[in-house]
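Residues per chain, in single letters:
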Amino acid sequence: MLTVAARQRQRQTGGLELLQVLGGVAAGPNRPEVMDRPTLERVMTTLERLPFETLDLTGGAPELNPGFRDLVRHARALGLRVLDRCNLTVLAEPGQEDLADFLAAQGCALIASLPCYRADNFDAQRGRGVFDASLTGLRRLNALGYGAPGGGLLLDLIYNPQGSELPPSQTALEADYRRVLLAEHGIRFNRLLTLANLPIGRFGSALLSTGDFHGYLDRLRAAHRMENLAAVMCRELISVDWQGWLYDCDFNQQLGLPLAAHAGRAHLRDLPGLILEGAPIAVADHCYVCTAGQGSSCGGALIGNRSGAA
Ligand code: SF4
């Protein structure tokens, strides 16, 4: 599975920063949404022709796409920064024993989900044993130099609430994560990124089953802060799904809302001809996930964190 996102520097200036790619955002090793070789090669061509600065690779497990390493090498050879949104357990998959070494050798920045630093909470969300497996992956990455203060190999962790509350202060929670993971597990990381939950998929179903769906949206809307609008991720990235279709962000990809800058669905092949400067962005109620409280994006909180994850 492979979904790509490449970040645009700022649509207002027409520069391109990030292309986010590699499979569908809901993809995983056991799902059918796998970016095929022709689409992957179109991504490579796009990176050659357009001035993207960052390639953001996501999906359930983008590393399992047979073309993952070719794409990473290609992007790095072009001088792009590569972000791999890694689920950690993939590092122990059969046949992926050298994956961590590859990522380090390529200088990929890693962003890994770690929804809690306590095993019981973590496993309640992800399944029994996943916490220990994730720590094993983190130790492997630390041993390669990932997460070292001031080091060149960036390792960021992602926290998202287990319920329908907004994330707590990113700064305060990062301090807790840093203290507990180091003291109890000897693990280092660079930054903790807090993300609010998008009310779709399993979380959306849970909200519907508890009758809190509209209440959650109301809480997000009530917590909206205008200052977050300057840093929402759709201002600087284009999201690409496993078939090459374009979206304003990966949230919109999950909702099937196509890129607003094009009449009808836009594909990677349309991208060179698109005028993105000043183009509209497809927005709806789910956008309050990004603008509520301290803000939330693929790079964590927005207020006080304008540089994002990249
Ligand atoms: S969900 Fe809405 S506000 Fe957030 S990045 Fe996507 S389009 Fe922008």
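Predicted model only: the values in this text are computed from it and were never measured.

K.L.:
Just checking my understanding: could you explain the overall build of the protein chain for this structure?
P.N.:
Helix and strand counts for the protein chain stand at ten helices and nine strands. Evaluated residue by residue, the protein chain yields a buried proportion of 46% over its 310 residues. A separation threshold of at least 6 residues defines the contact pool for the protein chain, and within that pool the share at least 24 residues apart is 69%.

K.L.:
Is there a simple way to think about the site of the ligand in this case?
P.N.:
In the neighbourhood of the ligand, the contacting residues comprise Val 232, Met 233, Cys 234, Asp 248, Cys 249, Phe 251, Asn 252, Ile 281, Val 283, His 286, Cys 287 and Cys 290. Within the shell around the ligand, the residues separate by chemical class into nine nonpolar, two polar and one charged.

K.L.:
Help me out: how do you make sense of the nonpolar core in this one?
P.N.:
One recurring pattern in soluble globular proteins is that nonpolar side chains are buried together. Grouped together as the largest cluster of nonpolar side chains are 76 residues, with contacts concentrated most on Leu 55, Ala 75, Val 82, Leu 110, Ala 112, Leu 246 and Val 289. Among residues more than four places away in sequence, those in contact with Ala 112 are Cys 86, Asn 87, Leu 88, Leu 157 and Ile 158.

K.L.:
Whenever I open this one, unusual backbone geometry confuses me. Can you help?
P.N.:
With a phi angle near 70°, Leu 88 is a residue other than glycine that sits in the positive phi range. Positionally, Leu 88 belongs in the loop between strand S4 (81–86) and helix H3 (99–106). Owing to 21 C-beta atoms within 10 Å, Leu 88 belongs among the buried residues under this scheme.

K.L.:
Can you help me understand the packing of helix H1 (residues 37–49) against helix H2 (residues 68–77) in this one?
P.N.:
Packed helix pairs are specified by the crossing angle of their axes together with the interaxial distance, meaning the distance between the axes. Look at H1 against H2: their axes get within 10 Å of each other, and the N-to-C directions meet at 5°. Relative to H2, the element H1 is oriented roughly parallel. When H1 is examined against H2, the residues Leu 40, Val 43, Met 44 and Leu 47 are found in contact with a partner set consisting of Leu 71, His 74 and Ala 75. Among the residues forming the contact of H1 with H2, the class breakdown is six nonpolar, one polar and no charged.

K.L.:
Got a minute to help me understand the environment of Cys 116 in this structure?
P.N.:
Within the fold, Cys 116 resides in the loop between strand S5 (109–113) and helix H4 (119–126). When the C-alpha atoms of Cys 116 and Phe 131 are compared, they prove to be 8.8 Å apart, with 15 residues separating the residues in sequence. Among all residues touching Cys 116, those that are not within four sequence positions of it are Asn 121 and Phe 122.

K.L.:
What is the right way to read the environment of Gln 125 from this model?
P.N.:
Relative to the elements of secondary structure, Gln 125 occurs in helix H4. C-beta crowding within 10 Å serves as the criterion here: with 13 such atoms nearby, Gln 125 is assigned to the partly exposed category. C-alpha separation for the pair Gln 125 and Gln 162, spaced 37 residues apart in sequence, amounts to 7.3 Å.

K.L.:
I'm lost on the confidence of the model for the protein chain in this one. Help?
P.N.:
Detailed reading of predicted coordinates is not advised where the pLDDT is low. Per-residue pLDDT for the protein chain averages 85, and the proportion of residues at 70 or more is 87%. Mean pLDDT values for the elements of the protein chain range from 56 in strand S1 (residues 3–7) up to 98 in H3. In the model, residues 7–17 has pLDDT below 50 throughout and makes 45 contacts with residues more than four positions away in sequence or in other chains. The low-confidence segment residues 306–310 (pLDDT under 50) makes 16 contacts with residues lying over four places distant or belonging to another chain.

Reading the values: rules and limits
Every chain is numbered independently, its residues counted from 1 as its sequence is written. Side-chain atom pairs in this predicted model are given and counted only at pLDDT of 80 or more, local residue features only at pLDDT of at least 70, and totals for whole chains, interfaces and linings cover all residues. Going along the chain from the N terminus, every DSSP run of H or I of four or more residues is numbered as a helix, and every run of E of two or more is numbered as a strand. Burial is judged by counting the other C-beta atoms within 10 Å of a residue's own C-beta: 20 or more makes it buried, 12 or fewer makes it exposed, and any count in between marks it as partly exposed, with every C-beta position built from the backbone. Residue pairs are scored as contacts if the distance between their C-beta atoms, which are placed from the backbone, is within 7 Å. As used in this record, a residue near a molecule or strand is one whose C-beta atom, placed from the backbone, is within 6 Å of it. We call Asp, Glu, Lys and Arg charged. Ala, Val, Leu, Ile, Met, Phe, Trp, Tyr, Cys and Pro are nonpolar, and the rest, Gly among them, are polar. Put simply, a nonpolar core is a cluster of buried Ala, Val, Leu, Ile, Met, Phe, Trp, Tyr and Cys residues tied together by C-beta atoms within 7 Å. Lines fitted to C-alpha atoms define the axes, with helix axes restricted to the stretch in contact, and inter-axis angles between N-to-C directions lie between 0 and 180 degrees. For classification purposes, angles smaller than 35 degrees are called roughly parallel, those larger than 145 roughly antiparallel, those between 65 and 115 roughly perpendicular, and all remaining angles oblique. For every residue, the pLDDT score states the predictor's confidence, bounded by 0 at the bottom and 100 at the top.

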